[in-house]
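Residue-level listing of the chains:
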Amino acid sequence: MSLTPTILPKSDVLVVALSARSLAAGARRCGLRVTALDLFADADTAAMADRCLALVSRRLRLPGPALRHALAAHDLRGVPLVYGAGFEDRPELLAALARDRPVLGNGAGVVATLKDPFAFAALLARLGIPHPEIADSTQEDGRGWLMKRAGACGGGHIRPAGRRVPAGHYLQRRMSGRPVSLLFLADGRRVVPVGFSRQWTAPASGQPFRYGGAVGPLPVRPQCEGVAASMIAAVSRIVAEVGLVGLNSADFLAGPGGWCLLEINPRPGATLDLFDRPPMPGLLGLHMAACAGDLPRVLPPLADCRTAMVVYARAPVLLDGSMRWPDWTADRPHTPAHIPAGAPICTVLADAAKPVEARRLAGRRARELFRRHVLAEAA
């Protein structure tokens, strides 16, 4: 990574995440000059950002020293920071960054509380919010439990419980229901719902719960209005208790027997792709305003549904340098590129009138991507 300073206009906002593309797109939609730092520096992120810097990491984890070096080398002291996924298990890194710039989002203390599984479970118990039982050691009925890594994201870290619980991991009891997520704005006291979405997994060897994609907004049928209202009320109690601000998401399991809250993601996340489009106002601008205590009274409804589906390489893939990405793709790597088996190739987007239609269209586009656009697979 070159850290030679580039002469560019001063950034209005700095976005940092494991993948910063959706944050960079949100900033650009709001007319902001943006510097993006992430692990990939994809072609479309670079096209939207005034500066796009890749952080080299051997693991899917933000490298603290490289991040701080890049910020210093590019004179980014004092530039407001909007962060995405990657700080859930690094509140100390977030606190260090906050010493040199305003953080437009939740502080390190809030992140630490919500991403500590035992502190979070205690908070929900105190507020009377249903949550799966958790444990820190192997249980006799191990088949009824999942093992998770504290502070992780993306689902790839979740496994059926084994004979031991490694350091940094915990157990969560398996629950029935379908995964549903609520994207919401908060000002530390109140909540404005943005919309519900549904997620699914893309299982791989050793990763049975790997994240596959999401579709939304989900229409709330009349018979489900009470359930949706109770979920929003639960989130409102958490916001008032811990002072959540800006864009956040809450992940639930919902079924005929009721619902339970799995986790709160105290930052903008993957479902930004589903909702940050007209006639919705720029969500990154709303995020920044909410962090300053300014919430909109109402948000306009979206007329259709959107799917954002992650496409993974089923075998090692060689992307030719002449490849032209379809306009319905995002997170596009620079080409030529070698994508190892199991790694994400890109994200496929699809819009349709109903969630099931949007998901089916995304599936057809993913197949088309392999058939027409991915030019060669390595033997």
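See above for the structure.
So, here's what we can say about the structure. (Residues numbered from 1 in each chain as written. Predicted model: local features only at pLDDT ≥ 70, side-chain atom pairs only at ≥ 80, totals over all residues. Heavy atoms only, no water.)

### Overview of the overall build of the protein chain
Working step 1: Assigned secondary structure in the protein chain consists of ten helices and 19 strands.
Working step 2: Taken against the 2.2 N^0.38 rule, which gives 21 Å for 379 residues, the C-alpha radius of gyration of the protein chain at 20 Å falls within 12% of a compact globule.
Working step 3: Principal-axis analysis of the C-alpha atoms places the extent of the protein chain at approximately 55 × 50 × 45 Å.
Working step 4: In the protein chain, buried positions account for 53% of the 379 residues. (Helix = DSSP H or I, 4+ residues; strand = E, 2+ residues; numbered from the N terminus. Rg over C-alpha atoms; globule rule 2.2 N^0.38 Å. Buried < 20%, exposed > 50% of the residue type's maximum accessible area, 1.4 Å probe, protein only.)

### A word on helix 5 (residues 108–115)
Residue pairs spaced three or four apart in an α-helix point in one direction, given the helix's 3.6 residues per turn.
Working step 1: Looking at helix 5, one finds that the buried residues are Val110, Val111, Leu114 and Lys115. One side of helix 5 carries all its buried residues, which in axial view fall inside an arc of 110°.
Working step 2: Along its buried surface, helix 5 packs onto strand 4 (81–83), helix 4 (91–98), helix 6 (117–127), helix 7 (225–242) and strand 13 (258–265). (Arc of directions from axis to C-beta. Contact = heavy atoms within 4.5 Å.)

### What to know about the packing of aromatic side chains
Working step 1: The tally for this structure, following the rule as stated, stands at three aromatic pairs.
Working step 2: Between Phe252 and Trp259, the ring centres sit 5.4 Å apart and the planes meet at 85°, which makes this aromatic pair edge-to-face.
Working step 3: Its relative accessible area of 17% is what places Trp259 among the buried residues.
Working step 4: We note Arg210 situated over the ring of Tyr312; from NZ or CZ to the ring centre the distance is 3.5 Å. (Phe/Tyr/Trp six-rings, centres within 6.5 Å; stacked < 30°, edge-to-face > 60°. Lys NZ or Arg CZ within 6 Å of the ring centre and 35° of its normal.)

### A short note on the nonpolar core
Working step 1: One finds Phe184, Ile238, Leu261 and Ile345 to be the most contacted residues of the largest nonpolar core, which totals 52 residues.
Working step 2: When residues no more than four places from it in sequence are discounted, the contact partners of Leu261 are Phe120, Leu124, Ile129, Pro130, His131, Pro132, Ile238, Ala250, Asp251 and Phe252.
Working step 3: Core analysis: the second largest hydrophobic core is formed by 33 residues, Val15, Val82, Met280 and Leu295 among them. (Core = buried A, V, L, I, M, F, W, Y, C linked by side-chain atoms within 4.5 Å.)

### Notes on the sheet that holds strand 13
Working step 1: Spatially, 13-12-9-10-11-14-18-16 is the arrangement adopted by the eight strands of the open sheet, whose pairing is antiparallel. The open sheet has two edge strands, strand 13 and strand 16 (329–330), and neither has a second partner.
Working step 2: As paired strands, strand 9 (residues 178–187) and strand 10 (residues 191–201) are joined by seven bridges and run antiparallel to one another. When the bridges of strand 10 are listed, Leu185 appears paired with Val192.
Working step 3: Helix 9 (residues 283–291) contacts strand 9, strand 10 and strand 12 (245–255) of the sheet and is inclined by roughly 110° relative to strand 12. (Pairing = 2+ DSSP bridges. Axes fitted to C-alpha atoms, helices over the stretch in contact; angles between N-to-C directions.)

### Let's talk about the pairing of strand 6 (residues 145–149)
Working step 1: Of all five residues making up strand 6, four are buried, and the element is well covered by its neighbours.
Working step 2: For strand 6 and strand 8 (residues 169–173), the ladder comprises five bridges, and the chain directions are antiparallel. Within strand 8, the residue paired with Trp145 across the bridge is Arg173.

### A look at helix 7
Working step 1: In this model, helix 7 (18 residues) spans 26 Å end to end at C-alpha, consistent with the 26 Å of a helix rising 1.5 Å per residue.
Working step 2: Taken residue by residue, helix 7 has Ala228, Met231, Ala234, Val235, Ile238 and Val239 as its buried positions. End-on view of helix 7: buried residues confined to an arc of 140°, all on one side of the axis. Exposed side of helix 7, more than 90 degrees from the buried face: Gly226 and Ala240 are the residues found there.
Working step 3: For helix 7, the elements touching its buried residues are helix 5, helix 6, strand 9, strand 10, strand 12 and strand 13. (Expected span 1.5 Å × (residues − 1).)

### Describing a positive patch on the surface
Working step 1: A cluster of basic residues, Arg360, Arg364, Arg367 and Arg371, forms a positive patch on the protein surface.
Working step 2: Following the sequence through the fold, Arg360 ends up in helix 10 (residues 355–373).
Working step 3: Since its relative accessible area comes to 55%, Arg360 is described here as exposed. (Patch = residues over 30% accessible without salt bridge, like charges linked within 9 Å, V, L, I, M, F, W, Y side chains within 5 Å. Areas by Shrake-Rupley, 256 points an atom, 1.4 Å probe, with all protein chains shown as cover. Salt bridge = Lys/Arg side-chain N within 4 Å of Asp/Glu carboxyl O. Lys, Arg positive; Asp, Glu negative; His and termini not counted. Charge placed at Lys NZ, Arg CZ, Asp CG, Glu CD.)

### Concerning the pattern of salt bridges
Working step 1: Under the counting rule described, the total for this entry stands at 17 salt bridges.
Working step 2: Salt-bridge contacts for Asp331 lead to Arg21; the nearest nitrogen and oxygen are separated by 2.9 Å. Here Arg21 lies in helix 1 (residues 21–29) and Asp331 lies in the loop between strand 16 and strand 17 (337–339), a separation of 310 residues in the sequence.
Working step 3: Measuring nitrogen to oxygen at the nearest pair gives 2.5 Å for the salt bridge that ties Arg267 to Glu88. Pair noted here: Arg267 is in the loop between strand 13 and helix 8 (272–275) and Glu88 is in the loop between strand 4 and helix 4, with a separation of 179 residues, a long-range link.
Working step 4: The exposure class assigned to Arg267 is buried, which follows from its relative accessible area of 8%.
Working step 5: Residue classification places Glu88 among the buried positions, given a relative accessible area of 5%.
Working step 6: Because the salt bridges share partners, they merge into one network encompassing Arg21, Asp273 and Asp331.

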